[in-house]
Amino acid sequence: MPVSSKPGLAVERVQTLNVLLSNDDGFFAPGLKALATTLEQFGEVMVAAPDRERSAVGHGITVHQPLRIQEKPLLPGMKRSFMTSGTPADCVKLAVQGLQWQPDVVVSGINRGANLGTDVLYSGTVSAALEGLLLGFPAIAVSLCGHDEDGYTMAAEVITRLLKNDVLPLKPGALYNINVPVTAAGDVPKYRFTRQGTRIYDNIFERRQDPRGVPYFWLGGKPLPTEEDPEVDLTAIADGCVSITPLQPDLTNYGLLRALRAGGNHSDKED
Ligand code: MN
């Protein structure tokens, strides 16, 4: 297997990279299979994926019901592969803390559709990777910005190249949110390092009536035109580039924290 000639930890690890793979589109989604197929060249691929569509469940976990698992090889010959009744975060937690699997990296995807800007906060795909990070593993979330079936093979190829070329240092605390644009057949797009942008939607709820005349709502909406900051993930995709955003679980607003402290609002200060 050819690897990058660049020196570094990632190249050494790429040759035996054991992967825990999950997703939020479910065990039977084409993106999961495409990624498993290409990642097998690096080492063992272990699969823990939801038994149904779990998109947009965020980082939810199951605490009031049992978690059922069904062992099933996603690809022929896989020894560690199951689907569960739980969420994407459940899948990763269960594999690591329930079954004691110890991967080198947790990978989630390939998601059907983008996970850009503030949408990452709703994303089951990103949450599976984030759970991996919280458990101490480097993690990668992969999303295809479209619904083109052929795009999964290209997106899987993009991830393979990034790993082989040492673009993604796989160290503890590293979480990469990678979005891949749909390109013309055969084209492998360039990549750009980005920060998380802001995604805003229009026409959020559609009001409808059920057959008994009772109103209900359906959440939909289209994203509004994106910000034009070349630094953000949304712009990279609009420009036809792969977007790589390093994320972190710390949601602290440091600017506000500094302002609070500067204003004397210390909790340990006398009133
Ligand atoms: Mn999804």
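The rules behind these values
The residue count restarts for each chain, going from 1 along the sequence in the order it is written. The predicted origin of the model limits local features to residues at a pLDDT of at least 70 and limits the giving and counting of side-chain atom pairs to 80 or more, whereas totals for whole chains, interfaces and linings rest on all residues. Side-chain numbers come from the whole structure's heavy atoms, not from hydrogens or water. Here a strand is any run of E in DSSP of at least two residues, a helix any run of H or I of at least four, and the numbering for each starts at the N terminus. A pair of strands is treated as paired once DSSP finds two or more bridges between them. For helices, the fitted line uses only the C-alpha atoms of the stretch in contact; every axis is such a line through C-alpha atoms, and the angle between N-to-C directions lies from 0 to 180 degrees. Contact definition: two residues touch when any of their heavy atoms are within 4.5 Å. Angle categories are assigned with fixed cut-offs, so that under 35 degrees is roughly parallel, over 145 is roughly antiparallel, 65 to 115 is roughly perpendicular, and the rest are oblique. Throughout, a crossing is termed right-handed when the near helix is turned clockwise from the far one, and left-handed when it is turned anticlockwise from it by less than a right angle. We call Asp, Glu, Lys and Arg charged. Ala, Val, Leu, Ile, Met, Phe, Trp, Tyr, Cys and Pro are nonpolar, and the rest, Gly among them, are polar. Coordinating donors are taken to be N, O and S atoms lying within 2.8 Å of the metal, or within 3.2 Å when the metal is Na, K or Ca; because water is excluded from the atom set, some sites may appear incomplete. Each residue gets one of three labels from its accessible area relative to the maximum for its type: buried under 20%, exposed over 50%, partly exposed in between, using a 1.4 Å probe on protein chains only. The definition of a right-handed crossover adopted here requires that, viewed with the strands pointing away, the path from the first strand over the helix to the second runs clockwise. By definition here, a salt bridge exists when the distance from a side-chain nitrogen of Lys or Arg to a carboxyl oxygen of Asp or Glu is within 4 Å.

Peer 1: Would you mind going over unusual backbone geometry with me for this structure?
Peer 2: Across the chain, the bulk of peptide bonds are trans and the bulk of non-glycine residues have phi less than zero. Look at the link from G109 to I110: it is a cis peptide, with omega at 0 degrees. Here I110 shows up in strand 5 (residues 105–112). The phi dihedral of Q100 is positive, around 60 degrees, even though this residue is not glycine. With respect to the helices, strands and loops of the structure, Q100 is situated in the loop between helix 3 (88–98) and strand 5.

Peer 1: What should I look at first to understand the sheet that holds strand 7 (residues 175–181) in this one?
Peer 2: For sheets, the rule is that strands pair by backbone hydrogen bonds, running either parallel or antiparallel. Pairing in this open sheet of 9 strands is mixed, and the strands run 3-4-2-1-5-6-7-13-8 from one edge to the other. Pairing within the sheet leaves two strands with one partner each, and these edge strands are strand 3 (69–71) and strand 8 (191–193). Pairwise comparison of adjacent strand axes, ignoring direction, gives a mean angle of 20 degrees for this sheet. With 3 bridges connecting them, strand 8 and strand 13 (residues 242–246) associate as parallel partners. Bridge pairing links Y191 to V242 in strand 13. Its contacts with the sheet place helix 3 against strand 1 (19–22), strand 2 (45–50), strand 3, strand 4 (81–84) and strand 5, and it is angled at close to 150 degrees to strand 1.

Peer 1: Can you walk me through the packing of helix 3 against helix 4 (residues 124–134) in this structure?
Peer 2: The relative placement of two packed helices is expressed as an angle between their axes plus a distance between the axes. For the pair helix 3 and helix 4, the least separation of the axes is 7 Å and the interaxial angle reads 25 degrees. As far as their axial angle goes, helix 4 and helix 3 are roughly parallel. Relative to helix 4, helix 3 is oriented so that their crossing is right-handed. Judged by residue contacts, P88, A89, V92 and K93 of helix 3 engage G124, A128, E131 and G132 from helix 4. Broken down by class, the residue content of the contact of helix 3 with helix 4 amounts to 4 nonpolar, 2 polar and 2 charged.

Peer 1: Help me understand the coordination of the manganese ion in this model?
Peer 2: Six octahedral donors around a metal ideally make angles of 90 or 180 degrees; four tetrahedral donors ideally make 109.5 degrees. Protein ligation of the manganese ion involves D24 (OD), D25 (OD), S55 (OG) and N111 (OD1), the donor distances falling in the range 2.1 to 2.2 Å. Of note, the manganese ion draws all its donor residues from one chain, in the sequence arrangement D-D-x29-S-x55-N. By relative accessible area, D24 is classed as buried at 2%.

Peer 1: Help me understand the pairing of strand 6 (residues 139–145) in this model?
Peer 2: Residues in a regular strand project their side chains so that they alternate between the two faces of the sheet. Among the 7 residues of strand 6, 7 are classified as buried, and the element is accordingly described as predominantly covered. Residue alternation in strand 6 divides its side chains into two sets, A139, A141, S143 and C145 and I140, V142 and L144, and both sets are buried. Sheet analysis places strand 5 next to strand 6, joined by 5 bridges and oriented parallel. In the sheet register, R112 faces strand 6, and the bridge partner there is L144. Taken together, strand 5, helix 4 and strand 6 form a β-α-β motif whose crossover is right-handed. Handedness of the β-α-β unit built from strand 6, helix 5 (residues 151–164) and strand 7 comes out left-handed.

Peer 1: Any chance you could explain the pattern of salt bridges here in plain terms?
Peer 2: According to the stated counting rule, one finds 10 salt bridges in the structure shown. Residue K93 pairs with E131 through a salt bridge whose shortest N-O separation is 3.4 Å. Taken together, the positions of K93 in helix 3 and E131 in helix 4 put the pair 38 residues apart, joining distant regions of the chain. Given a relative accessible area of 27%, K93 falls into the partly exposed group. Judged by relative accessible area, which is 5%, E131 ranks as buried. Linking E206 and R208 is a salt bridge whose minimum nitrogen-to-oxygen distance equals 3.0 Å.

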